[in-house]
Amino acid sequence: MGQNNYIVMKIIGGPASQLLATRVASELGCELALAEYERFPDGEAYVRILDEIDDVVIIQSTVSDEDLICLLQLIDACSEASVKVVIPYFGYARQGRRFQPREAISAKVMAKTIGADEILTVNIHDPSVLDYFSGKAHDLDAAPLIGEHIRSLDLRKPIFIAPDEFAGALARSAASKLGVDYDVLEKKRLSGNQVEIKAKHLDVANRDVIILDDMISTGGTMTEAIELLRRQKSNDIYVACIHPVLATNAVGRLFKAGAKEIIATDTIEKGVSIISVAPLIAGALK
Ligand code: R5P
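All figures in this text were calculated on a predicted structure; none of them were measured in a lab.

**Q** Help me out: how do you make sense of the pairing of strand β5 (residues 55–59) in this one?
**A** For a regular strand, side-chain orientation follows a simple rule: the groups alternate between the two sheet faces. By the criterion of burial, β5 is predominantly enclosed, with four of the five residues buried. Bridge count for strand β1 (residues 10–13) against β5 is four bridges, and the pairing is parallel. If you follow Ile11 over to β5, its bridge partner there is Val57. Sheet topology note: the β5/strand β6 (residues 82–87) ladder contains five bridges and is parallel. In the sheet register, Val56 faces β6, and the bridge partner there is Val83. Crossover connection from β5 via helix α2 (residues 65–77) to parallel β6: handedness right-handed.

Laid out in structure tokens, this is it:
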């Protein structure tokens, strides 16, 4: 990087995004600013930034409520600096509206707590949630990074499958990066952890399939999709997502159902997070 392009901003990684923050700092040639995270004897959280800061980017996914509280504390601890906030995985985004009377619109409640002028998210579940942030919010698409990774696997007649209409845009985005087909399944949710999936108009016989969704939580959606695709005589089945929430026994469920591999990004840092969204975030911050 030339001297004229030297970036003075520093990157702070919250506890949920330590690796990703380091990778973004390395992409940008920026320094990391460290914070300490402590707990008082009664369990309350304490945050303090250890380095001098005047221009910072805070990177913290909000997988748990604890992560959100930590992000709020980080933003406040940086209140004398110029702050951008990156929330690679924004929890609660699935509850972006009222599905039944008297429900909380959780995504709105959470977004309104984020006191920053600029917010970046990655494949937020429902883009309309961006309007709930008081600052300028922008969503990044990591699906092409998944497409690039799939290219390196050299699969047999690969086809991307979205488990529902909602994930259709993701499958299209990843497939177009690779120049291959994509299709969509139709999903009906029966209960909190049960879904029924029916084929639309796909022919997956003798093809390697990548089922792509924005997130895998309990693994229920993917398990149903895997079973359907196996009945249709597909070859290897890869399950891919942007956000590997992977609650409880989701990993076991997916492999038991017949997944060959689970592929995800580091918006949530798990063992399956083999694709980094750091270049995407760094590009947006430049
Ligand atoms: C829902 O619309 C999302 O896009 C995912 O399909 C869903 O959250 C996955 O959840 P689970 O793994 O519990 O089926």
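**Q** Please explain the site of the ligand as it appears in this structure.
**A** Near the ligand you find 14 residues, and of these Asp213, Asp214, Thr218, Gly219 and Thr221 are the closest. Between an oxygen atom of the ligand and a side-chain N or O atom of Asp213, the distance comes to 2.5 Å. Taking Gly219, its main chain carries an N or O atom lying 2.8 Å from an oxygen atom of the ligand. Protein contacts shield 91% of the accessible area of the ligand, which totals 380 Å² for the unbound molecule. Those elements that place two or more of their residues in the shell around the ligand are β11 (186–191), β13 (209–216) and α6 (220–231).

**Q** Would you mind going over the sheet that holds strand β2 (residues 31–32) with me for this structure?
**A** Strand-to-strand pairing in sheets goes through backbone hydrogen bonds, with the strands running parallel or antiparallel. Pairing in this open sheet of six strands is parallel, and the strands run β2-β1-β5-β6-β7-β8 from one edge to the other. The open sheet has two edge strands, β2 and β8 (136–140), and neither has a second partner. Lying over the sheet, helix α1 (residues 18–28) contacts β1, β2 and β5, oriented at roughly 165° with respect to β1.

**Q** Explain the sheet that holds β13 here, please?
**A** Across the sheet, five strands lie side by side as β10-β9-β13-β14-β15; this open sheet has parallel pairing. Looking at strand neighbours, the two that pair on one side only are β10 (181–184) and β15 (261–264), the edges of this open sheet. Between one strand and the next, the sheet's axes are offset by a mean angle of 25°, whatever the strand orientation. Packing against the sheet, helix α5 (residues 168–178) makes contact with β9 (159–162), β10, β13 and β14 (237–244), and its axis sits at approximately 170° to β9.

**Q** Looking at this model, I keep getting lost on the domain arrangement of the protein chain. Mind explaining?
**A** Think of interface size as the accessible area that goes away when the parts come together; that is how it is often given. Taken domain by domain, the protein chain consists of domain 1 (9–141 + 277–285) and domain 2 (143–266). Taken together, the two surfaces of domain 1 and domain 2 that pack against each other cover about 1,200 Å², and 58% of this comes from carbon and sulfur. Summed over the three residues of domain 1 that lose the most area to domain 2, namely Tyr89, His125 and Asp141, the buried surface amounts to 42% of that side. In this structure, the connection of domain 1 to domain 2 is made through one salt bridge. A salt bridge links Arg23 to Asp266, with the nearest nitrogen and oxygen atoms 2.7 Å apart. Across the domain 1-domain 2 interface, the total number found is seven residue pairs in polar contact (both at pLDDT 80 or more).

Cut-offs applied
- Residues numbered from 1 in each chain as written.
- Predicted model: local features only at pLDDT ≥ 70, side-chain atom pairs only at ≥ 80, totals over all residues.
- Heavy atoms only, no water.
- Buried < 20%, exposed > 50% of the residue type's maximum accessible area, 1.4 Å probe, protein only.
- Helix = DSSP H or I, 4+ residues; strand = E, 2+ residues; numbered from the N terminus.
- Pairing = 2+ DSSP bridges.
- Right-handed = clockwise from strand over helix to strand, strands pointing away.
- Near = heavy atom within 4 Å.
- Polar contact = N/O pair within 3.5 Å; in protein donor to acceptor, adjacent residues only side chain to side chain.
- Areas by Shrake-Rupley, 256 points an atom, 1.4 Å probe, with all protein chains shown as cover.
- Contact = heavy atoms within 4.5 Å.
- Axes fitted to C-alpha atoms, helices over the stretch in contact; angles between N-to-C directions.
- Domains from an automatic or database assignment.
- Buried area = accessible area lost by both parts, 1.4 Å probe.
- Salt bridge = Lys/Arg side-chain N within 4 Å of Asp/Glu carboxyl O.

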